[in-house]
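Descriptive structure summary
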Amino acid sequence: MTTFQGIPAGAFGFYEELQDNNNREWWQEHKAGYQSLVKEPLASLLAELEPRYGPAKFFRPNRDIRFSEDKSPYKTAQGAVASVQEGVGYYLQLSADGLLVGGGCHSHTPAQLARYRNSVDASGTGEALRHIVEAVAAAGFSVEGEKLKTVPRGYAREHPRAELLKHKSLSASVSLGRPDWLATPGAVREIAALWDGLRPLVDWVSRHAAP
């Protein structure tokens, strides 16, 4: 029997207010709301998804402001990732804008990046990735990631998969806003379907960009 009953609308209201009151005093006063409206429902949702995608890790709500000109102490979104391996997995984010769902490789070590480029360069694995990325984009996801401005050194500028070679990380996401189903137990099914749509991309980077 599921314990997840939906993400309450108050979760988005919490982040709307935080945007205008990003300070420690406001946070301490509304911390109970963060727990009940955001963290607990999201944790329950991710627990329902865990058997298929593995355990998820929450990102800290505090910002690292040591080297930032923006000294706002709190993030205006709550993210969580179900990792397949280091830097690779499925992603969820709640903010005032609503729900964002994504997946892929969010960081590359030098060893991962070398393996990724070699796999993109090889015709078999490279063409497989090209077809996956095209299918993901056609399904409505935005293909993203840190990219070089030019093809990396050692590869032809006219390489048939030049754009993929430019990537230092590769992921895809879709911003869904606040769909009605998000406030219901059916959100588990909807998000699972979206993550399943990203599974070919996640599986490819997991196999071909592993350390």
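Residues numbered from 1 in each chain as written. Predicted model: local features only at pLDDT ≥ 70, side-chain atom pairs only at ≥ 80, totals over all residues. Heavy atoms only, no water.

Describing the packing of helix 4 (residues 123-138) against helix 6 (residues 187-208)
- The interhelical angle for the contact between helix 4 and helix 6, taken along N-to-C directions, is 150°, at an axis separation of 9 Å. On the basis of the axis angle, helix 4 is roughly antiparallel to helix 6. The handedness of the crossing between helix 4 and helix 6 is left-handed. Contacts between helix 4 and helix 6 pair Thr 125, Ala 128, Leu 129, Ile 132 and Val 136 from the former with Gly 197, Leu 198, Pro 200, Leu 201, Trp 204 and His 208 from the latter. (Axes fitted to C-alpha atoms, helices over the stretch in contact; angles between N-to-C directions. Helix = DSSP H or I, 4+ residues; strand = E, 2+ residues; numbered from the N terminus. Parallel < 35°, antiparallel > 145°, perpendicular 65-115°, else oblique. Left-handed = near helix turned anticlockwise from the far one by under 90°. Contact = heavy atoms within 4.5 Å.)

Some points on the nonpolar core
- Counting residues in each nonpolar core, the largest one holds 55 residues, and the members touching the most others are Phe 14, Leu 45, Leu 49, Leu 92, Tyr 116, Leu 129 and Trp 195.
- If you tally residues by element for this core, the top one is helix 6, at 10 residues.
- Excluding residues that lie within four positions of it along the chain, Trp 195 makes contacts with Leu 46, Leu 49, Tyr 53, Ala 82, Tyr 90, Tyr 91, Leu 92, Val 101 and Gly 102. (Core = buried A, V, L, I, M, F, W, Y, C linked by side-chain atoms within 4.5 Å. Buried < 20%, exposed > 50% of the residue type's maximum accessible area, 1.4 Å probe, protein only.)

So, the environment of Lys 71
- Following the sequence through the fold, Lys 71 ends up in the loop between strand 1 (56-58) and strand 2 (77-85).
- By relative accessible area, which is 49% here, Lys 71 ends up partly exposed.
- C-alpha of Lys 71 to C-alpha of Asn 22: the two residues are 49 residues apart in sequence and 9.4 Å apart in space.
- Ignoring any residue separated from it by four or fewer positions in sequence, one finds Lys 71 in contact with Arg 63, Ile 65 and Arg 66.
- A distance of 2.7 Å separates the side chain of Lys 71 from the backbone oxygen of Ile 65, its partner in a polar contact. (Polar contact = N/O pair within 3.5 Å; in protein donor to acceptor, adjacent residues only side chain to side chain.)

A few points about the sheet that holds strand 3 (residues 88-95)
- The strand order across the open sheet built from six strands is 1-2-3-4-6-5, with neighbouring strands paired in antiparallel fashion. The strands lining the two open edges of the sheet, one partner per strand, are strand 1 and strand 5 (142-144). For this sheet the average axis-to-axis angle between neighbouring strands, irrespective of direction, equals 20°.
- Sheet analysis places strand 4 (residues 98-105) next to strand 6 (residues 170-177), joined by seven bridges and oriented antiparallel. Counterpart to Val 101 in the pairing with strand 6 is Val 174. (Pairing = 2+ DSSP bridges.)

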